Amino acid sequence: MSAPSAVLEDGHREIVEAFETFVRRELAPLAAELPETEDQVPYDLRAYVRKRSAALGFYAGDYPEELGGSGMPFTAVVLLHHAAGRSGCVLAPYALAGSDGPSPLLRNGTPEQVERHLVPLVRGEQTRCLALTEPQAGSDAFHLTTTAVRTGDQWVVNGRKTFVSNAEHAGLALVVAATDLGDGAGPTSGATAFVMPMDQPGLRIGQRYEGMSGEPLFELLLDGVRLGPEAVIGGEDAVGAATALAIDSLSRGRLVVAAMCNGIAEHALRLGVEYARERRAFGRVIGDYQHVQEHLVTTRAEVEASKLLTLACARLVDEGTESPENAALAKLTASETAVRAVDRSLQVHGATGWVRGHPLEFLYRYVRMTTIIEGTSEVQKVIIARSMGLN
Ligand SMILES: Cc1cc2nc3c(=O)[nH]c(=O)nc-3n(C[C@H](O)[C@H](O)[C@H](O)COP(=O)(O)OP(=O)(O)OC[C@H]3O[C@@H](n4cnc5c(N)ncnc54)[C@H](O)[C@@H]3O)c2cc1C
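Residues numbered from 1 in each chain as written. Predicted model: local features only at pLDDT ≥ 70, side-chain atom pairs only at ≥ 80, totals over all residues. Heavy atoms only, no water.

Below, the discussion takes up the overall build of the chain. If you tally the helices and strands in the chain, you get eleven helices and nine strands. Against the compact-globule benchmark of 21 Å for 391 residues, the chain has a radius of gyration of 22 Å, which places it among compact chains. Dimensions of the chain along its principal axes, counting C-alpha atoms only, are 80 × 50 × 40 Å. Across the 391 residues in the chain, those meeting the buried criterion constitute 52%. Of the contacts made within the chain by residues no fewer than 6 positions apart, 72% connect residues no fewer than 24 positions apart. (Helix = DSSP H or I, 4+ residues; strand = E, 2+ residues; numbered from the N terminus. Rg over C-alpha atoms; globule rule 2.2 N^0.38 Å. Buried < 20%, exposed > 50% of the residue type's maximum accessible area, 1.4 Å probe, protein only. Contact = heavy atoms within 4.5 Å.)

In structure tokens form, the structure reads like this:
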């Protein structure tokens, strides 16, 4: 299928093809050895894929070369995430920096924080987790009860974080807490982001939550964690400024999720089309029936539109004119499209797609998180409504 969105891929074709070759030649054979019914990819294999991809220049590709990246435009990164989703290879997403990789929050770190924490993340030598969500602060993310109280030049952090990805294997945690300047006035309206090693005294993992796609999430308990001033991401000037720092990084995160969703949707569509051309019922291939065509044609129209939107937003990021509502539009469209695309393709497959071990059975469970992570669909709509002068 030749796609109109291909016009926005110009200039990055070579890097996308190189990545696809890497996935086909190196990752697909490794993925083929994984047990069919085991959803979780072993962590040592993830680490291998990450480091190999970093060595080839794909992982964290948009980070500057002096930090261990390849200095590629953000549009190229978005195309790689799309290619990873489209490949259908379960190892491909681990070849690209995601929520356990270098954080844009640390990009705003002090030179020491960049050297000590960001560079190993860019090189894929280490992973991290982000501890923002709390039992009573999800979408309302900065309604925090975890506090960081200043005592002299130290900070004492207490609280409870929940639904944290990768906590078990991360080397460090980025923890966001309500700021208390220790002047007796209590927490201020600003939040502060801290970087802390996972073996920091007072920090421990609590409950483990089993996710529907096999990926666990964790509770993080912070009990009198004592940190020096060097732990404040961005240094003294960034005390109380975590919201601004986070908002700055949200658009990129949302566009990366959107790209992955578009890739997954395209993969699901390809599986559906292939099956519809072969499977026979009532004496004809099922692709002859208009009810079946409806599923696949609608998906194709939605995926193309979503892809164009995501790529246009990525280009705006490279031009420095991206706005939060554009990223919200792309993430909302792509994640909802991907959920529908996988659902429709599974329907076209009938029981075959529902059986454990079929790629669509896994994708059906995997794709469901995408309308929740990086802000729910409803939260994206709130952002878009605000930009329209509503709310
Ligand atoms: C796979 C996965 C990985 C995650 N990883 C991390 C992580 O690494 N670190 C981390 O800190 N968190 C993580 N989270 C948590 C995630 O950020 C939150 O789940 C998300 O922000 C939503 O919060 P909530 O689940 O508390 O839902 P709630 O905020 O309680 O929302 C419940 C429902 O109400 C809706 N809603 C809420 N407010 C509004 C509003 N103003 N208008 C309209 N509707 C509204 C929501 O859209 C949703 O449908 C992860 C979650 C998942 C599923």
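Read on for the rest.
On to the site of the ligand. Around the ligand sit 15 residues in total, of which L130, T133, S139, T376 and E378 are the nearest. L130 has a polar backbone atom sitting 2.7 Å from a nitrogen atom of the ligand. Here the ligand loses 59% of its free accessible area of 980 Å² to cover by the protein chains. Contributing elements (two or more residues each) for the shell around the ligand: β3 (154-165) and α11 (377-387). Take the shell around the ligand: its biggest share by element is three residues, from β3. The class makeup of the residues in the shell around the ligand is nine nonpolar, five polar and one charged. (Near = heavy atom within 4 Å. Polar contact = N/O pair within 3.5 Å; in protein donor to acceptor, adjacent residues only side chain to side chain. Areas by Shrake-Rupley, 256 points an atom, 1.4 Å probe, with all protein chains shown as cover. Nonpolar A, V, L, I, M, F, W, Y, C, P; charged D, E, K, R; others polar.)

By a frequent convention, interface size equals the accessible area lost on bringing the separate parts together. When the domains of the chain are assigned, the result is domain 1 (4-105), domain 2 (128-240) and domain 3 (244-387). On the side of domain 3, 28 residues touch domain 1, which itself brings 24 residues to the contact. In total, about 2400 Å² of surface goes out of reach between domain 1 and domain 3, with carbon and sulfur atoms giving 65% of it. Of all residues in domain 1, the largest losses of buried area upon contact with domain 3 belong to L8, F74 and H82, amounting jointly to 27% of the total for that side. Residue D62 pairs with R252 through a salt bridge whose shortest N-O separation is 3.0 Å. There are seven residue pairs in polar contact (both at pLDDT 80 or more) connecting domain 1 and domain 3. Secondary structure elements with two or more residues in the side of domain 1 that touches domain 3: α3 (74-87) and α4 (104-107). The dominant element in the side of domain 1 that touches domain 3, judged by the number of residues it contributes, is α3, at nine residues. The residue makeup of the side of domain 1 that touches domain 3, split by class, is eleven nonpolar, eight polar and five charged. (Domains from an automatic or database assignment. Buried area = accessible area lost by both parts, 1.4 Å probe. Salt bridge = Lys/Arg side-chain N within 4 Å of Asp/Glu carboxyl O.)

Between helix α8 (residues 324-349) and helix α10 (residues 359-366), whose axes approach to 9 Å, the crossing angle comes to 150°. The orientation of α8 relative to α10 falls into the category roughly antiparallel. In this structure, α8 meets α10 at a crossing whose hand is left-handed. Here V342, D343, S345, L346 and H349 of α8 come into contact with α10, specifically with L360, E361, L363 and Y364. Here the residues of the contact of α8 with α10 sort into five nonpolar, two polar and two charged. (Axes fitted to C-alpha atoms, helices over the stretch in contact; angles between N-to-C directions. Parallel < 35°, antiparallel > 145°, perpendicular 65-115°, else oblique. Left-handed = near helix turned anticlockwise from the far one by under 90°.)

Take helix α7 (residues 290-319) next. Spanning 30 residues, α7 covers 43 Å between terminal C-alpha atoms, matching the ideal 44 Å at 1.5 Å per step. All of the buried residues along α7 are V292, L296, T299, V303, E304, S306, K307, T310, L311, C313, A314 and V317. At the exit of α7 stands G320, carrying a positive phi of roughly 75°. (Expected span 1.5 Å × (residues − 1).)

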